[in-house]
Amino acid sequence: MTVNDSDAIFSRLMKLHPKKIDLSLDRLNGLLDKLGNPHKKLPPVIHIAGTNGKGSTVSTLRAISEAAGYRVHVYTSPHLVRFNERIRIAGSLIDDETLADILTECERANGDAPITFFEITTAAAFLAFSRVSADLCILEVGLGGRLDATNVIENIAASCITPISFDHEQFLGNTIESIASEKAGIIKGNAPVIVGPQLDTAQKVISEKIKAENTVGYFYKDDWHVELTNDSDHFLYTDKNTKLSLPKPNLIGIHQVSNAGLAIKIALTQKAVKISEAAIRAGLGWVRWPARLQKIENTSLNTLLPENSLLWLDGGHNPAAAGVIRTFLQTVDPTEQPIFLILGMMGTKDVEGYLKPLTNLLTKVIAVPINGEEGAAKAADLAATATDLGINGVIAKDFEAALSMINLQSSRQTPPFVLIGGSLYLAGQVLKHANILPD
């Protein structure tokens, strides 16, 4: 089997169900039964839901666990460049041959029964995990929680709810309460729940679900917290039993400190494996998570910009993510480095909500299409929204053309600061073009 075999299988799987997203557990449970219920043969599971910070928390927890010497399965979504990124088996991304074989097995077991792409690929991940020994399995919820395909898991070592904000309202509801209710659907009575910083409305819903499940919750500030020290390279993690002075995680942005705190609290709370302080320190030092305030250096894309320009990439696509970006951009002096945003977004996203926090920071927004993605917003609409907010909004045919446009308009005395953002799909295309493959 080759990667081309996987592509052919993916193409067939996409045709099995008319809807790209149709939240349900029935179809997947039926397939898993035909496969021998591999989801019941996994190592202890950590289940992580939320709106923002899921991927960073997953990556940090994996880094900490692997630094402790454990073999860790990880399932995340979406991927950036290759589907293989979604399935990490005992520390390594699934190889093309194994992926194609597993997908073929799932396809044969399912037959022509309706099933979504995410459901059948989740089954493939469980099947792959069930056949390789590991100490821990970390599952990231795809969308929501209650009816997400990953929620077929019954016995978990711990669950986690990262910060909740507006996103995917067409599936999860248009209030924080309704979204929180869906996310809290992963909470189960046999496992502790670690909860990140939340709006009061979300925290109330999560608290009620924890009480209903007769389990225990550990809430940010009430039960654990993090704070920066006077030494900007370190932070303090504190809970009832522990106080640690730790190096800031190897991820950009002040928000990564609270994400790291979540991962640490999970590591210290779950009882499946033992995590030492030394492992926490080591894991924080080497954790990586692509396309989240990622600096792009020494690539063909950098040559399209003036010398000494800075190029960054971020896949955040909602107002909360824009707030994080705002904090990051506030460290840049626009008189020394004009800030350009190359923006591509999906049509379902809140463009105005994303741009509002950035309005007084940006020199220009250059809107681009996300080529090949059905449902991507039109560049002209993105530019018009920017203009309506008082930002100079223009369009380009793609991100390469946008970089060339910035080059022509920039002074060599004040080289630009460029952020490509607004979509993980766009971020994946940028990484592929720059030949930066997540590993």
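Counting of residues starts from 1 at the beginning of each chain's written sequence and follows it residue by residue. In keeping with the predicted nature of the model, local features appear solely for residues at pLDDT of at least 70, side-chain atom pairs appear and are counted solely at 80 or more, and the whole-chain, interface and lining totals rest on all residues. The basis for the side-chain values is all heavy atoms of the structure; hydrogens and waters are excluded.

Concerning the pattern of salt bridges
Link 1 in the chain: Each reported salt bridge corresponds to a side-chain nitrogen of Lys or Arg within 4 Å of a carboxyl oxygen of Asp or Glu. Applying the stated criterion to the full structure yields 13 salt bridges.
Link 2 in the chain: A salt bridge links E208 to K204; its shortest N-O distance comes to 2.7 Å. On the criterion of helical spacing, the pair formed by E208 and K204 is a turn pair, its members being four residues apart in helix α8 (residues 200-212).
Link 3 in the chain: Given a relative accessible area of 53%, K204 falls into the exposed group.
Link 4 in the chain: One salt bridge connects R281 with E277, and the closest N-O pair in it is separated by 3.0 Å. You can see R281 and its partner E277 sitting in helix α10 (residues 277-286), four residues apart, about one turn around the helix. Secondary structure elements follow DSSP: runs of H or I no shorter than four residues count as helices, runs of E no shorter than two count as strands, and numbering proceeds from the N terminus. Throughout, exposure labels follow a simple rule: accessible area from a 1.4 Å probe, protein chains only, divided by the maximum for the residue type, with under 20% read as buried, over 50% as exposed, and the rest as partly exposed.

Brief notes about the pairing of strand β6 (residues 158-161)
Link 1 in the chain: Here β6 shows two buried faces, one formed by A158 and C160 and the other by S159 and I161.
Link 2 in the chain: By the bridge criterion, four bridges tie strand β1 (residues 45-49) to β6 in an arrangement that is parallel. Note that in β6 the partner of I48 across the bridge is C160. Strand pairing is assigned whenever DSSP detects at least two bridges linking the two strands.

As for the environment of V324
Link 1 in the chain: Relative to the assigned elements, V324 resides in helix α11 (residues 319-329).
Link 2 in the chain: For this analysis, residues touch if any pair of their heavy atoms sits within 4.5 Å. Apart from residues no more than four positions distant in its own chain, V324 is found in contact with H255 and L293.

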